[in-house]
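Chain residues, written in single-letter form:
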Amino acid sequence: MGHRGDMQKGESAISLALAVVVMLAILAIQRRWNPASLKDVASSAENFILTTTGIGGGIPDLTGFEKIKTYRLGNYNAGLYRASPAPLIFAPGRFVIYDLAHKPVFQMETLEGSKDPWTEIYDFAGRRGLPVPGGKKRPDYLRDLTGDGAPEVVLGRYSGGDHCCTMATVVELGKSAVKVLGRIDGLDGMPFEGLEIRRLNQDPTWEFIAHRPYLTGCGTHDDAADVLSVFAYKAGAFTDQTSRFGGFMDTVLRQNLAKWRQEKSRTLELLQTLAADYALLGQRDEGQRFFAMNLNPFVPRLKTQGVDPNACLDDMANLLARLAPPIP
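Note that the structure is predicted; figures quoted are calculated from it, not measured.

### Focus on the overall build of the protein
On a plain count of helices and strands, the protein comes out with six helices and 12 strands. The proportion of buried residues among the 328 residues of the protein is 42%. Surface accessibility of the protein: about 18,000 Å² in total, with carbon and sulfur atoms responsible for 53%.

### Quick notes on the packing of helix H4 (residues 284-294) against helix H6 (residues 309-323)
At their nearest, the axes of H4 and H6 sit 10 Å apart, and the two run at 155° to each other. In this view, H4 runs roughly antiparallel relative to H6, as classed from their interaxial angle. Seen from above, H4 lies across H6 with right-handed handedness. Each of Arg284, Gly287, Gln288, Phe291 and Ala292 in H4 lies in contact with H6, whose residues at this interface are Cys312, Leu313, Met316, Ala317, Leu320 and Ala321. Residue composition of the contact of H4 with H6, by class: eight nonpolar, two polar and one charged.

### Notes on the confidence of the model for the protein
Averaged over the protein, the pLDDT score is 85; the fraction of residues at 70 or greater is 82%. Within the model, pLDDT remains below 50 along residues 1-56, and this stretch shows 58 contacts once partners closer than five positions in the same chain are excluded.

### Some points on the sheet that holds strand E5 (residues 119-121)
Whether parallel or antiparallel, the strands of a sheet pair through hydrogen bonds between backbone atoms. The four strands are arranged E5-E6-E7-E8 in an open sheet whose pairing can be described as antiparallel. Each end of this open sheet is capped by a strand with a single partner; those strands are E5 and strand E8 (178-187). Adjacent strand axes in the sheet meet at a mean angle of 20° when their direction is disregarded. Note that strand E6 (residues 152-158) and strand E7 (residues 166-173) share seven bridges and pair antiparallel. Looking at E7, one finds that valine 153 is bridged to valine 171.

### Observations regarding unusual backbone geometry
The omega torsion of the bond from serine 84 to proline 85 falls at 0°, within 30 degrees of zero and hence cis. Take proline 85: it is sitting in the loop between strand E2 (76-83) and strand E3 (90-99). A cis amide bond, omega -5°, links proline 191 with the succeeding residue phenylalanine 192. You can see phenylalanine 192 is positioned in the loop between E8 and strand E9 (195-198).

### Some words on helix H3 (residues 268-280)
Helical periodicity: at 3.6 residues per turn, an α-helix aligns residues three or four positions apart in one direction. With 13 residues, H3 should reach 18 Å at 1.5 Å per residue; the first-to-last C-alpha distance of 18 Å fits that figure. Of all 13 residues in H3, 12 are buried, a share of seventy percent or more. Residues Leu268, Leu270, Leu271, Gln272, Thr273, Leu274, Ala275, Ala276, Asp277, Tyr278, Ala279 and Leu280 constitute the buried set of H3. At its buried positions, H3 is contacted by strand E11 (225-234), helix H2 (246-260), H4, helix H5 (299-304) and H6. Immediately downstream of H3, the backbone of glycine 282 shows phi near 85°, a positive value.

### Comments concerning the pattern of salt bridges
Two side chains of opposite charge can pair, provided their charged atoms sit close to one another. Using the criterion set out here, one finds nine salt bridges in the structure. Aspartate 250 is the salt-bridge partner of arginine 254, the closest N and O atoms lying 2.8 Å from each other. Here arginine 254 and its partner aspartate 250 are both found in helix H2, four residues apart, which amounts to about one turn of the helix. Taking relative accessible area as the criterion, aspartate 250 reaches 26% and is therefore assigned partly exposed. In this structure, the salt-bridge partner of glutamate 286 is arginine 289, at a minimum N-O distance of 2.7 Å. Remark: arginine 289 and glutamate 286 occur in helix H4; sequence separation between them is three residues, near one turn of the helix. Among the residues examined, arginine 289 registers a relative accessible area of 43% and is labelled partly exposed.

### Describing the state of the cysteines
By the definition in use, this model includes one disulfide. In this model, cysteine 218 is linked to cysteine 312 through a disulfide, with the two sulfur atoms separated by 2.0 Å. Judged by the torsion about the S-S bond (110°), the cysteine 218/cysteine 312 disulfide is right-handed. With cysteine 218 in the loop between strand E10 (207-214) and E11 and cysteine 312 in helix H6, the pair connects residues that are 94 residues apart, well separated along the chain. Comparing cysteine 218 with cysteine 312 shows no difference in burial state: the two are buried.

### Notes on the pairing of E3
E3 sits mainly inside the fold: nine of its 10 residues count as buried. Counting the residues that bridge the hairpin from E2 to E3 gives six residues, and of these leucine 88 lies at a positive phi of roughly 50°. Where E3 lies against strand E4 (residues 104-113), nine bridges are found, and the strand directions are antiparallel. By the bridge assignment, isoleucine 97 is partnered in E4 with phenylalanine 106. Joining the antiparallel neighbours E3 and E4 is a turn of four residues, in which histidine 102 adopts a positive phi near 70°.

So, how was this worked out
- Residues numbered from 1 in each chain as written.
- Predicted model: local features only at pLDDT ≥ 70, side-chain atom pairs only at ≥ 80, totals over all residues.
- Heavy atoms only, no water.
- Helix = DSSP H or I, 4+ residues; strand = E, 2+ residues; numbered from the N terminus.
- Buried < 20%, exposed > 50% of the residue type's maximum accessible area, 1.4 Å probe, protein only.
- Areas by Shrake-Rupley, 256 points an atom, 1.4 Å probe, with all protein chains shown as cover.
- Axes fitted to C-alpha atoms, helices over the stretch in contact; angles between N-to-C directions.
- Parallel < 35°, antiparallel > 145°, perpendicular 65-115°, else oblique.
- Left-handed = near helix turned anticlockwise from the far one by under 90°.
- Contact = heavy atoms within 4.5 Å.
- Nonpolar A, V, L, I, M, F, W, Y, C, P; charged D, E, K, R; others polar.
- pLDDT = per-residue confidence, 0-100.
- Pairing = 2+ DSSP bridges.
- Expected span 1.5 Å × (residues − 1).
- Salt bridge = Lys/Arg side-chain N within 4 Å of Asp/Glu carboxyl O.
- Disulfide = S-S within 2.5 Å.

Put into structure tokens, the structure is as follows:
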């Protein structure tokens, strides 16, 4: 009995010590990591403490950080860094673009996993923006998305939250300057799960199709509507131009209606998505009617989850009102 008591006391002491270590590590991260400081800035060399390593030809090192990824970007180079040593499961990071003289011309604070990076550059030669595992194609990070001859890169930065959130930042790498052309936030999951980059028109510019989940009281995150937005280049920036792409949005609606006609494909997610599709096309009443007429098969499940079907209908009506384009 005495031996067992000593073992239990020892295990308790170890558990307490581990808890203290974890708490101190979290406090250290909070002191060093300030989410409010997640802003893109053009910076000068004074923003960084560079060691002599790499100044002769490679990408510079940063004191207090480990270099976890490097990129060749035409007339620029870039490095992704993570605070070292990396505690727990994540650590503050930094993404920096340098000119060929090693002068930092752009930086962004990030959050990185302790094992894998959470920040990526969109690979146009990959699959959904990421390199294909075991693929033989070289990464293609540069693309003239605006048709003006200067290449852009698309940077995806994951926040580390559950069911949240990635921001995509479009950065132009001009001959004499680097500048941000737009930001797309609220993307679900890791980069670039909620983003498509396509040409929707015959002009030389490319468009960003953002998929964002809109959660209502009708179900869980898995049931959320997949709401699309189209970001297009206009007046020097990529901004939400969904209302200009009615033809594309109508095609999306028809494709989803075709899925709905297959009974095995009918889910609460697809039903909410279809209602949102109607609203985005300016057909809010039709979307609300479609949702109400097809909700009945899901009512038993809603009641099992403690959801009032009438409250679900009201919540969906509020969402469609928010999504509907303003009346001209």
